[in-house]
Amino acid sequence: MGAFDTSIGMYLLALPFPPPVSLLVGALLLGFSLDIYLYGFACYQYLVYKTTKFDDPIQLRILVAVLFVIDTSQTIAEFYGVWHFAVENYANPIALARAIWITPFCCVASGLTALIVEAFLIHRLYRLSGLFWLSLFLLFAAVVAFTCGVIAPAWAGLTYDATKWKSIIPISITWRGTEAGVDVVIAVVLSRAFWRSKTGLTRTNTILNRCIRTSIQSGLFTSVIAVADVLIFAFWPVSYLYAILGWPIGRIYSNSLLYTLVIRKELADIAHGTADMRDTRSISFPMSPQTNSIHVQRHTVSEVEAANHSVKASLDRYIVITPPEAVE
């Protein structure tokens, strides 16, 4: 390897097993690459949300716009961070021991994104289940997580010495661990509520199954990433390996919220599709040539009218089904 890969300064001496500097800079490049990919996907969902004419309140539109500003700002800041370490200080590995403003800024930005998304999902959980005290507790936990997410990077930024980041391991564990716990509880409670709301109607169950899948994807996936990120930081606190998951986690939260909003059009199409719910038939032909049978499934008018209307009301409160405005 070259001189850059084999050089070690006081930063690398602080590591139990000093890795090559290329690995540390590579972690930043990998984290930025994942983040820019997720940012591109988020931009696509922002565009879909903007061009789809949902009748959303102004508060929700402002929230989406704020998320877009945060995502864009953090992505630009990460680009500068990669440029600072990989280009400007290419031949100066000791520069990795000096924290710059990128570290606290990205941590606060991702923490704010997580708080906004969790608060939105908690609001939906309350509207669906009516569990006031649980929703209040989850909101309090989300605020605590964000507070820890501000204190930890602020301390790291004030020290300007990456070799002293071991001191913020406890508060970092509290930060990401609380975020993960809130995400899991939200996913479990929403999935349970949707599962218990199932009826005998195929169309309704299809919508509920899609909501269950969305809740699990948005909740459990973000919690796994948060736990993995804090474990990396706990075992290698004086490295930049945490950036592999720590930088893109904000975009994961943004995409989960945007998917929840964008999928409403598909759910609305299912709920108000061209298929007539008063007379829904499905015919299946078996593949075996030895058996000639036809299975006909029919939902009569009385069966449809006997459906549980409270399920539709609760579902509408959660997904806020507002079909696109009619185009004349």
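Residues numbered from 1 in each chain as written. Predicted model: local features only at pLDDT ≥ 70, side-chain atom pairs only at ≥ 80, totals over all residues. Heavy atoms only, no water.

### Side note on the overall build of the protein
Here comes step 1: Along its length, the protein carries 12 helices and 2 strands.
Here comes step 2: Listing every helix and strand of the protein by position from the N terminus yields α-α-α-α-α-α-α-α-α-α-β-β-α-α.
Here comes step 3: For the protein, the residues scored as buried account for 48% of the 328 residues in total.
Here comes step 4: For the protein, the proportion of contacts with a sequence separation of at least 24, taken over those separated by at least 6, is 77%.
Here comes step 5: Surface accessibility of the protein: about 16,700 Å² in total, with carbon and sulfur atoms responsible for 69%. (Helix = DSSP H or I, 4+ residues; strand = E, 2+ residues; numbered from the N terminus. Buried < 20%, exposed > 50% of the residue type's maximum accessible area, 1.4 Å probe, protein only. Contact = heavy atoms within 4.5 Å. Areas by Shrake-Rupley, 256 points an atom, 1.4 Å probe, with all protein chains shown as cover.)

### Regarding the pattern of salt bridges
Here comes step 1: Inspection of the entire model under this criterion finds 6 salt bridges.
Here comes step 2: For D35, the salt bridge identified is with R251, shortest N-O distance 2.8 Å. Of this pair, D35 sits in helix α3 (residues 21-51) while R251 sits in helix α10 (residues 249-271), and the two are 216 residues apart along the sequence. For the pair D35 and R251, one class covers both residues: buried.
Here comes step 3: Here R251 and E78 are joined by a salt bridge, their closest N and O atoms 3.8 Å apart. You can see R251 sitting in helix α10 and its partner E78 sitting in helix α4 (residues 58-88), a full 173 residues away along the chain.
Here comes step 4: Assessed through its relative accessible area of 0%, R251 is described here as buried.
Here comes step 5: In this structure E78 comes out as buried when scored by relative accessible area, which is 0%.
Here comes step 6: Each of D35, D71, E78 and R251 takes part in one network of salt bridges that share partners. (Salt bridge = Lys/Arg side-chain N within 4 Å of Asp/Glu carboxyl O.)

### Some words on the side chain of Q74
Here comes step 1: The topology assignment puts Q74 in helix α4.
Here comes step 2: When its relative accessible area of 0% is taken as the criterion, Q74 is described as buried.
Here comes step 3: Excluding residues that lie within four positions of it along the chain, Q74 makes contacts with F105, C106, A109, S110, W247 and R251.

### With respect to the environment of I169
Here comes step 1: Here I169 is to be found in helix α7 (residues 169-196).
Here comes step 2: Classification of I169 by relative accessible area gives buried; the value is 17%.
Here comes step 3: As a C-alpha pair, I169 and F233 span 64 residues in sequence and 7.4 Å in three-dimensional space.
Here comes step 4: Residue contacts for I169: discarding those within four places in its chain leaves F233, A234 and P237.

### Observations concerning helix α5 (residues 102-129)
Each α-helix turn comprises 3.6 residues. Residues three or four places apart therefore point the same way.
Here comes step 1: Over its 28 residues, α5 runs 40 Å from end to end, which matches the ideal 40 Å to within 8%, given 1.5 Å per residue.
Here comes step 2: The first or second residue beyond α5 is G130, which carries a positive phi of 75°. (Expected span 1.5 Å × (residues − 1).)

### Concerning the packing of aromatic side chains
Here comes step 1: What the rule picks out here adds up to 9 aromatic pairs.
Here comes step 2: Between the aromatic rings of F132 and W133, the centroid separation amounts to 5.1 Å while the plane-to-plane angle is 75°, which identifies the pairing as edge-to-face.
Here comes step 3: Given a relative accessible area of 42%, F132 falls into the partly exposed group.
Here comes step 4: For W133, a relative accessible area of 65% corresponds to the exposed category.
Here comes step 5: What links up through ring pairs into an aromatic cluster is the set Y80, W101 and F105.
Here comes step 6: One cation-aromatic arrangement involves R176 over W175; the distance from NZ or CZ to the ring centre is 4.0 Å.
Here comes step 7: One cation-aromatic arrangement involves R264 over F54; the distance from NZ or CZ to the ring centre is 4.2 Å. (Phe/Tyr/Trp six-rings, centres within 6.5 Å; stacked < 30°, edge-to-face > 60°. Lys NZ or Arg CZ within 6 Å of the ring centre and 35° of its normal.)

### Examining the confidence of the model for the protein
Here comes step 1: Averaged over the protein, the pLDDT score is 74; the fraction of residues at 70 or greater is 69%.
Here comes step 2: Summarising per-element confidence for the protein, the mean pLDDT is lowest in strand β1 (residues 280-284) (36) and highest in α4 (91).
Here comes step 3: In this model, residues 274-308 is a region of pLDDT below 50 whose contacts with residues beyond four sequence positions or in other chains number 40 contacts. (pLDDT = per-residue confidence, 0-100.)

### A word on the nonpolar core
Here comes step 1: If you look at the biggest cluster of nonpolar residues, it comprises 47 residues, and the most contacted ones within it are Y49, I186, F194 and L261.
Here comes step 2: For this core, the elements supplying multiple residues, two or more each, are α3, α4, α5, α6 (132-159), α7, α8 (202-235) and α10.
Here comes step 3: Residues contacting Y49, with those up to four places away along its chain left out, are F54, D56, L60, R61, V64, L261, V262 and R264.
Here comes step 4: Within the second largest apolar cluster, 16 residues are counted, among which are L28, F32, W165 and W247. (Core = buried A, V, L, I, M, F, W, Y, C linked by side-chain atoms within 4.5 Å.)

### A short note on a nonpolar patch on the surface
Here comes step 1: On the surface, Y126, F132, W133 and L136 cluster together into a nonpolar patch covering about 470 Å² of accessible area.
Here comes step 2: Residue position: W133 is located in helix α6. (Patch = residues over 30% accessible without salt bridge, like charges linked within 9 Å, V, L, I, M, F, W, Y side chains within 5 Å.)

### A short note on the packing of α5 against α7
Here comes step 1: Running from N to C, α5 and α7 cross one another at 25°; their axes reach a closest spacing of 10 Å. The angle between the axes of α5 and α7 places the two elements in the roughly parallel class. Crossing angle aside, the handedness with which α5 passes α7 is left-handed. Facing α5, whose interface residues are C107, S110, G111, A114, E118, L121, I122, L125 and L128, α7 presents W175, R176, E179, V182, D183, I186, V189, L190, A193 and F194.
Here comes step 2: Here the contact of α5 with α7 is composed, by residue class, of 13 nonpolar, 2 polar and 4 charged. (Axes fitted to C-alpha atoms, helices over the stretch in contact; angles between N-to-C directions. Parallel < 35°, antiparallel > 145°, perpendicular 65-115°, else oblique. Left-handed = near helix turned anticlockwise from the far one by under 90°. Nonpolar A, V, L, I, M, F, W, Y, C, P; charged D, E, K, R; others polar.)

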